[in-house]
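Now for the letters of each chain:
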Amino acid sequence: MITSIGIIAVSLALFIYWFRYSCVLILSAKSTQDFAASVAHANHLSFLDVRSALASPDADLDRLHQMLQRDYRVVSYLAKNSAGAGASIESIMLAVDYQAVRIWFSITRSLFPAQARAAVAEMAEVVGFIADSMGERNALPAEF
């Protein structure tokens, strides 16, 4: 019984490690052209401002978090309802990652500001990735 619990715990820890590493790899991949800025401008998104504000040591993380929550809702809606919309494994993984990091932010924002800042930065990266992939998909010519 104890051996089974140990195997399950180690397997779960390895899965979480793999998942987090995969999300970091997805976010580090850069497309040949950056569409995120044009999507942000066209849809009045603020994730680029959040990235800039995080450079300041006295940034209001709660306000930045609220801005990202709005952006995430907008880009998620747009991505689901845009031409050629189809949930890729990357977008599903990043959606789960965003929610997990959002919860991590809620846990760490008072006690561990450095971890909360990192969580907000990762949330901004996820929103930027979704905006970039949506812009890239909409920029491609339609296939017949």
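Report on the accompanying structure. These figures come from a predicted structure and were not determined experimentally.

## Points about the nonpolar core
Within the largest apolar cluster, 34 residues are counted, with the highest numbers of intra-cluster contacts made by F47, V50, L64, L68 and V120. Mapped by element, the contributors of at least two residues to this core are α1 (2–28), α2 (36–42), α3 (47–53), α4 (61–81), α5 (89–108) and α6 (113–139). Sort the elements by how many residues they give to this core and α6 lands first, with 10 residues. The residues touching L64, leaving out its near neighbours within four places in the chain, are V50, A53, L54, A59 and V120.

## Points about the packing of aromatic side chains
What the rule picks out here adds up to 4 aromatic pairs. Between Y72 and Y98 the ring centres are 3.9 Å apart and the planes differ by 5 degrees, which places this aromatic pair in the stacked class. With a gap of 26 residues between them, Y72 in helix α4 and Y98 in helix α5 connect regions that are remote in the sequence. Neither Y72 nor Y98 differs from the other in exposure class; each is buried. The rings of F15, W18 and F19 are connected pair by pair, giving a single aromatic cluster.

## What to know about the packing of α4 against α5
Taken N-terminus to C-terminus, the directions of α4 and α5 make an angle of 160 degrees; their axes are 12 Å apart at the nearest point. The angle between the axes of α4 and α5 places the two elements in the roughly antiparallel class. Here α4 runs over α5; the crossing is left-handed. Touching L61, D62, H65, L68, Q69 and Y72 of α4 are A95, Y98, Q99, R102 and F105, all from α5. Its residues assigned to classes, the contact of α4 with α5 comprises 6 nonpolar, 3 polar and 2 charged.

## Examining the pattern of salt bridges
Counted according to the given criterion, the structure contains 5 salt bridges. R20 is paired through a salt bridge with E122; the nearest N and O atoms lie 2.7 Å apart. Taken as a pair, R20 in helix α1 and E122 in helix α6 lie far apart in primary sequence, 102 residues in all. The salt bridge partner of R109 is D62, with a shortest N-O separation of 3.3 Å. Of this pair, R109 sits in the loop between α5 and α6 while D62 sits in helix α4, and the two are 47 residues apart along the sequence. Residue R109 is classed as partly exposed on the basis of its relative accessible area of 43%.

## A word on the side chain of E122
Given a relative accessible area of 15%, E122 falls into the buried group. Aside from chain neighbours lying at most four places away, what touches E122 is R20, L27, D97 and V101.

## Side note on the side chain of T108
Residue position: T108 is located in helix α5. On the basis of relative accessibility, which here comes to 1%, the residue T108 falls in the buried class. Dropping the residues within four chain positions of it, T108 is found in contact with P113, Q115 and A116.

## Let's talk about unusual backbone geometry
Phi at H44 takes a positive value of approximately 55 degrees, unusual for a residue other than glycine. For H44, a relative accessible area of 65% puts it in the exposed group.

Cut-offs and rules
- Residues numbered from 1 in each chain as written.
- Predicted model: local features only at pLDDT ≥ 70, side-chain atom pairs only at ≥ 80, totals over all residues.
- Heavy atoms only, no water.
- Core = buried A, V, L, I, M, F, W, Y, C linked by side-chain atoms within 4.5 Å.
- Buried < 20%, exposed > 50% of the residue type's maximum accessible area, 1.4 Å probe, protein only.
- Helix = DSSP H or I, 4+ residues; strand = E, 2+ residues; numbered from the N terminus.
- Contact = heavy atoms within 4.5 Å.
- Phe/Tyr/Trp six-rings, centres within 6.5 Å; stacked < 30°, edge-to-face > 60°.
- Axes fitted to C-alpha atoms, helices over the stretch in contact; angles between N-to-C directions.
- Parallel < 35°, antiparallel > 145°, perpendicular 65-115°, else oblique.
- Left-handed = near helix turned anticlockwise from the far one by under 90°.
- Nonpolar A, V, L, I, M, F, W, Y, C, P; charged D, E, K, R; others polar.
- Salt bridge = Lys/Arg side-chain N within 4 Å of Asp/Glu carboxyl O.

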